[in-house]
Amino acid sequence: MFARATRPLSRSLAPLGDRILIRKAEKEAQTASGILLPTDKGKDPNEGTVVAVGPGIRDVSGNLHPPTLKAGDTVLLPKYGGTEVEIGEEKFALFREEDILGKFD
């Protein structure tokens, strides 16, 4: 009687061009010694982990320039910018490679 849904239960996102999908770091609510800190809604962490990377960007002559970042890298993000993306229950941010400020070693 009823058709079954053939959609997968969770979706994945493959960034296009020089875009990079980042999982922002969680706000710390507890210090190393166990003291609980109040959460501040106005402050977002400015670092995150690269989840997925696009193939790169093409120049005027058609040459592909691959991104310098790879999945698993920890990066420094600008205070503002990026596109918020929600996949399932998780929230991510989508940035262009040129907008990312740096990479932690």
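Residues numbered from 1 in each chain as written. Predicted model: local features only at pLDDT ≥ 70, side-chain atom pairs only at ≥ 80, totals over all residues. Heavy atoms only, no water.

Colleague: Could you give an account of the pattern of salt bridges, naming the residues involved and the relevant values?
Modeller: Taken as a whole, this structure holds 5 salt bridges when the rule is applied. One salt bridge in this structure joins Asp73 and Lys70, with 3.3 Å as the shortest N-O distance. Two residues, Asp73 and Lys103, come together in a salt bridge whose shortest N-O distance is 3.8 Å. Here Asp73, found in the loop between strand E4 (64-65) and strand E5 (74-76), pairs with Lys103, found in strand E8 (residues 102-103); they are 30 residues apart in sequence, far enough to count as distant. Judged by relative accessible area, Lys103 falls into the partly exposed class, the value being 44%. (Salt bridge = Lys/Arg side-chain N within 4 Å of Asp/Glu carboxyl O. Helix = DSSP H or I, 4+ residues; strand = E, 2+ residues; numbered from the N terminus. Buried < 20%, exposed > 50% of the residue type's maximum accessible area, 1.4 Å probe, protein only.)

Colleague: Can you break down the environment of Ile100 residue by residue, with the values?
Modeller: Along the chain, Ile100 falls in the loop between strand E7 (90-96) and E8. By relative accessible area, Ile100 is classed as buried at 10%. Separated by 53 residues in sequence, Ile100 and Glu47 have C-alpha atoms that sit 9.7 Å apart. If near-sequence neighbours (up to four positions away) are discounted, Ile100 is found in contact with Ile20, Ile22, Leu69, Val75, Leu76, Leu77 and Phe95. (Contact = heavy atoms within 4.5 Å.)

Colleague: Requested: an account of the pairing of strand E2 (residues 47-53), with residues and values cited.
Modeller: Sheet topology places strand E1 (residues 19-24) next to E2; 5 bridges connect them, and they run antiparallel. From the neighbouring strand, Ile20 faces E2, where its bridge partner is Val53. Bridge count for E2 against E5 is 3 bridges, and the pairing is antiparallel. Paired with Gly48 across the bridge in E5 is Val75. (Pairing = 2+ DSSP bridges.)

Colleague: Quick rundown of the side chain of Asp73? Include the residues and the values.
Modeller: With relative accessibility at 8%, the residue Asp73 sits in the buried group. Side-chain polar atoms of Asp73 contact the backbone nitrogen of Lys70, separated by 2.9 Å. Leaving out residues up to four positions away in the same chain, Asp73 has contacts with Gly48, Thr49, Val50 and Lys103. (Polar contact = N/O pair within 3.5 Å; in protein donor to acceptor, adjacent residues only side chain to side chain.)

On their own, these measurements won't tell you what the molecule is for.
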